[in-house]
Structures are given as structure tokens and as C-alpha cells.
Amino acid sequence: MCATAANLIEDVLPEVAHRPWVLTFPFPWRRRLAQDGALFGVLTRIFVESVERFHEERAARRGACGAVKSGAVTVVQRTSGDMRLNPHLHVFFLDGAYHVPAD
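Residues numbered from 1 in each chain as written. Predicted model: local features only at pLDDT ≥ 70, side-chain atom pairs only at ≥ 80, totals over all residues. Heavy atoms only, no water.

The subject of this paragraph is unusual backbone geometry. Backbone geometry places Met83, a non-glycine residue, at a positive phi of 70 degrees. With respect to the helices and strands, Met83 occurs in the loop between β3 (72–79) and β4 (85–94). Classification of Met83 by relative accessible area gives exposed; the value is 62%. (Helix = DSSP H or I, 4+ residues; strand = E, 2+ residues; numbered from the N terminus. Buried < 20%, exposed > 50% of the residue type's maximum accessible area, 1.4 Å probe, protein only.)

A word on the packing of helix α2 (residues 27–35) against helix α3 (residues 37–61). Two elements in contact, α2 and α3, have axes separated by 5 Å at closest approach and are oriented at 110 degrees. Between α2 and α3, the interaxial angle falls into the category roughly perpendicular. Between α2 and α3, the contacting residues are Trp29, Arg32, Leu33 and Gln35 on the first element and Gly37, Leu39, Phe40 and Leu43 on the second. (Axes fitted to C-alpha atoms, helices over the stretch in contact; angles between N-to-C directions. Parallel < 35°, antiparallel > 145°, perpendicular 65-115°, else oblique. Contact = heavy atoms within 4.5 Å.)

Okay, the sheet that holds β3 next. Pairing within the open sheet is antiparallel, and its 3 strands lie in the order β1-β4-β3. Each of the sheet's edge strands pairs with one partner strand only, and the pair in question is β1 (18–23) and β3. Looking at each pair of strands side by side, their axes are set apart by 15 degrees on average, direction ignored. Relative to β4, β1 runs antiparallel, the two being bridged by 6 bridges. The partner of Trp21 across the bridge, within β4, is Val91. Where α2 meets the sheet, it contacts β3 and β4, and its direction lies at approximately 80 degrees from that of β4. Taken strand by strand, α3 contacts β1, β3 and β4, and its axis lies near 25 degrees from that of β4. (Pairing = 2+ DSSP bridges.)

Written as C-alpha cells, this is what we have:
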């Protein structure tokens, strides 16, 4: 876990502000999400794309010129600290949207 975090900070993520988010699901959904990886994947994608779109639209409203992008790294955790079934997401978002320079 520490090696992965160091790699993300040193080699992957850009030097911009970041913000961690945690998405948990209602108790009645947890067993289904633990058993249905496709559904869990769809909900993960909807969440991440929604937050990224929020940042991109906010940047556009604030007058960003040209293409902007946001980004995220997602880690799925399937249990709580007490080892009970609790599928949830830890998502490390870029805190905002940033201009993508042309190649």
C-alpha cells in the first residue's frame, strides 16, 4: 500500500491539488454489490464521471479556455475495519479541472 501511494505521488499524479473522497452504499445494497462486480463497476464509473464532469463544467463556467480535464484514482475496499461486508470506494480526485497543453 505504501509503495503504491509513493508511486502515485512521485510518478503518476500531476503536481496539483488533490482531494480524497469515500463513497459508501446503503446496507441493503452491500451484499448485491459484493456479488455483482459488473453493477459495482457501473456505479463506480457513474460516481467518478459525475465528479469529474462537475469539475470540468465548473471550470468552463469560470471561463477556462480550451479543453480541461480532471482525473481520479479509485481503490475498491470490500470490508470494514471490523471485517464486515462493506463494499465502498476510496477515490483520490484531482481537485478541479486543469488545462491540457497541446502536444
